[in-house]
Amino acid sequence: MAFIRRRRLERELYSKERFSLLLLNLEEYYFEQHTANHIINKDCKDERKFRGSLKICSKSIIFEPDDNIQPIIKVFLIKERNVIAPYKTVRGRAEHFFQLDVARKVGDVVQTLHQITAILQSRLARTSFDKNRFQSISETLHMECKAEMVTPLVTNPGHVCVSDANLYFQPLNGYPGLEVFCTENDLCSDIYLKFYSCQDRDEVYRLIAKYIDLTKPETFRDLSKPVGALNKERLDRLVTRYQEMPEPKFMYGSHYSSPGYVLFYLVRVAPEYMLCLQNGKFDHADRMFNSIAETWKNCLDGATDFKELIPEFYENDSSFLVNSLKLDLGKRQGGKMVEDVELPPWASGPDDFLQKSQEALESPYVSEHLHEWIDIIFGYKQKGSEAVAAHNVFHPLTYEGGVDLNSIMDPNEKVALLTQILEFGQTPKQLFTTPHPQRKIQKLKSLSRTSSHSTSIAESPVSPIEESFEDLTEESISLAWNNIAKLKLDKQYKIHKEFNFEDVFQRLKNYPEKCVLFKHGFVILSNLTRRYHCHKFFMGQSYVNTIDLNAANTILASGTKEGTISVWDVTTATMLHQLPRHSGTVFHAAFSPDSRHLLSTGEDCCFKVIDVQTGMVVSSVTTEEPQRCFKWDGNTILAGSQSGELLVWDLLGGKVTERIKGHTGAVTSMWMNEQCNSVITGGEDKQIMFWKLQY
C-alpha cells in the first residue's frame, strides 16, 4: 500500500532556516531548541553576542545564528554562510559560551546532556499524539505508538497515530512539523517507519491494510477480460502458443469451472467428494485452498490456473472457510498444518469477508461493468471471432455441442470423453448472442443528505433525467462541497398564502411511508400507509423545534425551544442523551454524514458539535448573528442567517469564508439534493429561492 504525504513543510535549498536533520550524526537525535546568545570574546572589550537558536541533540550542540552571515556551529563542525559546502573542522582547544534567554532552563539543558538516552525514552513515554491535530473532527483514533520516521541519512523519533482516515507522524522535537499521510493506490511509497516493537509494527500494518475502498476501480479486477487475460505477460505467452497451435486451437489448457475447482473451495465442508474425486486422498497440502491471497496470485500468475470464484463467496454461510470438522488436510512445506483459510487483512473474520464480498458485488463499479463479465461467460464473447478477440477460447470439449457423444459407438472411447468433459470443466450454455445491456440503478430521491429544518418538500425540483442516474460518488460530493461558495441564484418565487408549520413532518430517506411528527411534546415515528404509531418519544413539556435522523435511520435527534438537545435510539425508543446545550431556542440540528457528530445552532449565536457516542461538546463556534438553518458535510457548513444571507463556514477554522446575498428576512428552511449541487431556501420574506452550483 502506498502512502502519499498530504501536507509537508516545504523547504527550499536556500531557505531562511538553515538547520537540517542532515547535520546530525548516525543514530543521533534532535531533542529541543532554546533561544540563546552565542558570546564571543566573553568579558573582553571586543565581546560580541549573536542571537540565534541553540539545538540540543543527543551527540552534539548546534547553534544556528539568526544572522545568515554567521556560521552554524556544531561543536566542532561549521556550516558557513548560507551555502551547502564541505564542513570546516576546527582543531585544538576552543571555548563556546551560550547564554539562554530563560536562565532557569540551564539546569534542564545540562541534565538533558548528561542523560540523553534515558531522556529520549522517557519523553516518548510521557508524551502522546495531539489529537487536536486531526485533519477532521470526525476522525476516530485506532492506535498510536512510539516509532522513528526514516528519511535518507536521518531518523527522527516521535509518535505514529492511525485514524480511520489518515496515518500521522508527530516528531518528538516538533521538527519539521506534523506529517500527514493518506492511503492512496497511485504514486510511490513515501514513508518509512522504524518501530520499537514487533507488536506495534504488526498492529499498524493490520490497521492500514484492513481497509478496502469499493469506490475505486483499481480495487477490482477487469471484468471485461477472462481470468487468463488479466496478466499481460502470461497472456502474451498463451497467445503465442495459440497462434502456433494446429486446429482445434485453444488458449487455455484448463477451465475456469470444474468439479475439481469447486471442491478445491469446498473441501472443508464436503471432504468426502474430494476423496471420491482424488481416489481416496486429499490433494497435496501446498495445493489446497490455504489463502485468499495465494489463490488470487496463482490465478493471476499460474500457467494453468484460471478458475473463477463460486457462489458461496457471495452467500451468508462462511463454513467453507473454516476447518470446523478438524480434518487432517496435511502439512505444508514450511511445517504449518492446513487449517482455516487465511483471509485478507481487511476482513476481520469469515463472516466479515463474505459481507465485504457481497458489498463488492453490489458496488457501483461492479454494477457498471457486470455486463462485460456476462458477455464473456454467458454472452456473445463466449464463442466465435468475438471470443478470439477477447482471448476467451477454451478446449472444444468444454463447449455445448463440442462433440456428438451419440455418434460415438465405442463404449470405451465414449467413457473416456465423458470423463474428460467431467473433470476438465464445462462452459455454460450460451444465453446471449448480442452485447448484454449495462445495469442501470435508479437513485431514490431523498430530501437531503441530512434533514430539512422545517417544511418537507415532497418532490425534488430537479428533473428525473438530471438526477435519477447521477453518479453519486464521494468524489463528486466532495467536489460540490469544495465549491459550495459558487452557489448562484437560479429562480425564486413569492409565496402569497400563509403556512402553519406548528405540526411539521418530514419523510425519512428511502422510506417514504414513514414520517416524524412534532405534536404536543411528542416526536412520533409513524407508518402513513397502515396508520399506526411505531414509536413515540416523549419530550416532556418542551416544545420540539427541530429534528433529524441519521443516514441509517437508527438515531433521532431533537432540539427544543428551551435549548435542550435529545438523542434517541430509534430501534428501542430509548434516550441516549439529553443535553442542555443552548441558552435559547435550538433552531436546527443535523447529523454528520458518518453519524458520529451532531451539529446544532441556536438563538444564542453558537454552532456546537456534539460527539453522538459520548454526548460531549467537541467544538463550539460563536457567530455574529443567529444561524437559523444549515447543511454540512462534517467540515464545511452552508448556513442560512437571521439577516437573510447564506454563509459558508469553515468549521475547523471557526470563520466565514463566503457570504452570499439572498433573502431580505431570516432564512428559515433549507433543502439540498443528494449531489449537493442544488439548494432550495425559504425565508421570512415569503420567498422560495432555487440555487445551483456553477463551477
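Definitions and cut-offs
Here the residue numbering is sequential within each chain, running from 1 through the sequence in written order. Local features are withheld for residues below a pLDDT of 70 in this predicted model, meaning they are given only at 70 or higher, and side-chain atom pairs are given and counted only at 80 or more; totals for whole chains, interfaces and linings count all residues. The basis for every side-chain value is the complete set of non-hydrogen atoms in the structure, without hydrogens or water. For two strands to be treated as a pair, DSSP must find no fewer than two bridges joining them. Strands are runs of DSSP state E lasting at least two residues, helices are runs of H or I lasting at least four, and both sets are numbered from the N terminus onward. The axes are straight lines fitted to the C-alpha atoms, using for helices just the contacting stretch, and the angles between their N-to-C directions are given from 0 to 180°. What counts as a ring pair is set by centres within 6.5 Å for rings of Phe, Tyr and Trp (its six-membered ring), and what kind of pair is set by the plane angle: stacked under 30 degrees, edge-to-face over 60, tilted for all other angles. Under the scheme applied here, a residue whose accessible area is under 20% of the maximum for its type counts as buried, over 50% as exposed, and between as partly exposed, the area being computed with a 1.4 Å probe on protein chains only. Confidence of the predictor at the level of single residues is captured by pLDDT, which takes values from 0 to 100. Two residues form a contact once any of their heavy atoms are found within 4.5 Å. What counts as a salt bridge is simple: a side-chain nitrogen of Lys or Arg found within 4 Å of a carboxyl oxygen of Asp or Glu. The criterion is simple. A nonpolar core is a set of buried Ala, Val, Leu, Ile, Met, Phe, Trp, Tyr and Cys residues joined through side-chain atoms within 4.5 Å. In a helix, the anticipated span is given by 1.5 Å times the number of residues less one. What the arc measures is the spread of directions leading from the helix axis to the C-beta atoms. Bend is computed residue by residue as the angle between axes fitted to the seven residues ending at the residue and the seven residues starting at it.

1. Let's talk about the sheet that holds strand β30 (residues 655-660)
Strand order across the open sheet formed by four strands is β27-β28-β29-β30, with antiparallel pairing between neighbours. This sheet does not close on itself; its edge strands, each paired only once, are β27 (627-632) and β30. Going from strand to strand, the sheet's axes swing by 25 degrees on average, the running direction of each strand aside. Sheet analysis places strand β29 (residues 646-650) next to β30, joined by five bridges and oriented antiparallel. The partner of Asp650 across the bridge, within β30, is Lys655.

2. Description of the packing of aromatic side chains
Within this structure, the stated rule accounts for 21 aromatic pairs. The interplanar angle of 40 degrees and the centroid separation of 5.4 Å between the aromatic rings of Phe63 and Phe98 together place this pair among those described as tilted. Here Phe63, found in strand β4 (residues 61-65), pairs with Phe98, found in strand β8 (residues 97-100); they are 35 residues apart in sequence, far enough to count as distant. Judged by relative accessible area, Phe98 falls into the partly exposed class, the value being 24%. Both rings, one in Phe134 and one in Tyr168, keep their centres 5.4 Å apart while their planes meet at 35 degrees; by these two values the pair is tilted. Within this pair, whereas Phe134 is found in the loop between α2 (116-126) and β9 (141-151), its partner Tyr168 is found in strand β11 (residues 167-171), the two being separated by 34 residues in sequence.

3. Concerning the confidence of the model for the chain
As a general rule, the predicted coordinates of low-pLDDT regions are not to be interpreted in detail. When pLDDT is averaged along the chain, the result is 80, and 78% of the positions lie at 70 or above. In the model, residues 76-85 has pLDDT below 50 throughout and makes 32 contacts with residues more than four positions away in sequence or in other chains. The low-confidence segment residues 183-189 (pLDDT under 50) makes 18 contacts with residues lying over four places distant or belonging to another chain.

4. Structural notes on the pattern of salt bridges
This structure, assessed with the given rule, holds 18 salt bridges. Between Arg51 and Asp101 there is a salt bridge, with the nearest N and O atoms lying 2.4 Å from each other. Here Arg51 is found in strand β3 (residues 48-57), whereas its partner Asp101 is found in the loop between β8 and α1 (106-114), with 50 residues between them in sequence. Of the residues examined, Arg51 reaches a relative accessible area of 40% and is grouped as partly exposed. Overall, the relative accessible area of 40% leaves Asp101 in the partly exposed class. Residues Asp236 and Lys232 are paired through a salt bridge, measuring 3.2 Å at the closest nitrogen-oxygen approach. Placement of both Asp236 and Lys232 in helix α4 (residues 232-244) is noted, with a separation of four residues, approximately one turn of the helix. Overlapping salt bridges bring together Glu624, Glu645, Arg659 and Lys661 as one network.

5. Observations regarding the nonpolar core
Core analysis: the largest hydrophobic core is formed by 18 residues, its most contacted members being Leu487 and Leu638. The set of elements that each furnish at least two residues to this core consists of α13 (474-482), β29, β31 (667-672) and β33 (687-693). Residue contacts for Leu638: discarding those within four places in its chain leaves Trp481, Ile484, Leu487, Cys629, Phe630, Lys631, Leu646, Leu647, Val648, Met670, Met672 and Val679. Formed by 17 residues, the second largest nonpolar core is a distinct cluster that contains Met245, Tyr252, Ile376 and Phe394.

6. Looking at the pairing of strand β20 (residues 555-560)
Among the six residues that make up β20, six are buried, leaving the element largely enclosed by the rest of the structure. Side chains Ile555, Ala557 and Gly559 of β20 all project onto a buried face; the interleaved residues Leu556, Ser558 and Thr560 project onto the opposite face, where all are buried too. With five bridges connecting them, strand β19 (residues 544-549) and β20 associate as antiparallel partners. Bridging across to β20, Ile547 finds its partner in Ser558. The sheet contact formed by β20 and strand β21 (residues 564-569) spans five bridges and is antiparallel. Note on β21: the bridge partner recorded for Ile555 is Asp569. Joining the antiparallel neighbours β20 and β21 is a turn of three residues, in which Gly563 adopts a positive phi near 95 degrees.

7. A short note on the sheet that holds strand β23 (residues 586-591)
The pairing of strands in a sheet happens through backbone hydrogen bonds and is either parallel or antiparallel. The strand order across the open sheet formed by four strands is β23-β24-β25-β26, and the pairing between neighbours is antiparallel. The open sheet is flanked by β23 and β26 (617-622), the only strands paired with a single partner. Averaged over all neighbouring strand pairs, the angle between strand axes comes to 15 degrees, with direction disregarded. As judged from the five bridges shared by strand β25 (residues 606-611) and β26, these two strands associate in the antiparallel manner. Directly across from Phe607, in β26, lies its bridge partner Val621.

8. Quick word on α4
The first and last C-alpha atoms of α4 sit 18 Å apart over 13 residues, in line with the 18 Å expected at 1.5 Å per residue. Among all positions in α4, only Arg234, Leu235, Leu238, Val239 and Tyr242 are buried. All buried residues of α4 fall inside an arc of 135 degrees around its axis, so they share one side. Every exposed residue of α4 that faces more than 90 degrees away from the buried side is listed here: Glu233, Arg237, Gln243 and Glu244. Looking at the buried side of α4, the elements it contacts are α7 (292-301) and α10 (384-389).

9. Overview of helix α9 (residues 364-377)
Taking 1.5 Å of rise per residue, 14 residues should cover 20 Å, and α9 covers 21 Å from first to last C-alpha, within 8% of that figure. Taking the largest bend as the criterion, α9 deviates by roughly 40 degrees, centred on Leu370. Of all the positions in α9, only Tyr365, Val366, Ser367, His371, Ile374, Asp375, Ile376 and Ile377 are classed as buried. Those residues of α9 that are buried lie in contact with α8 (350-361).

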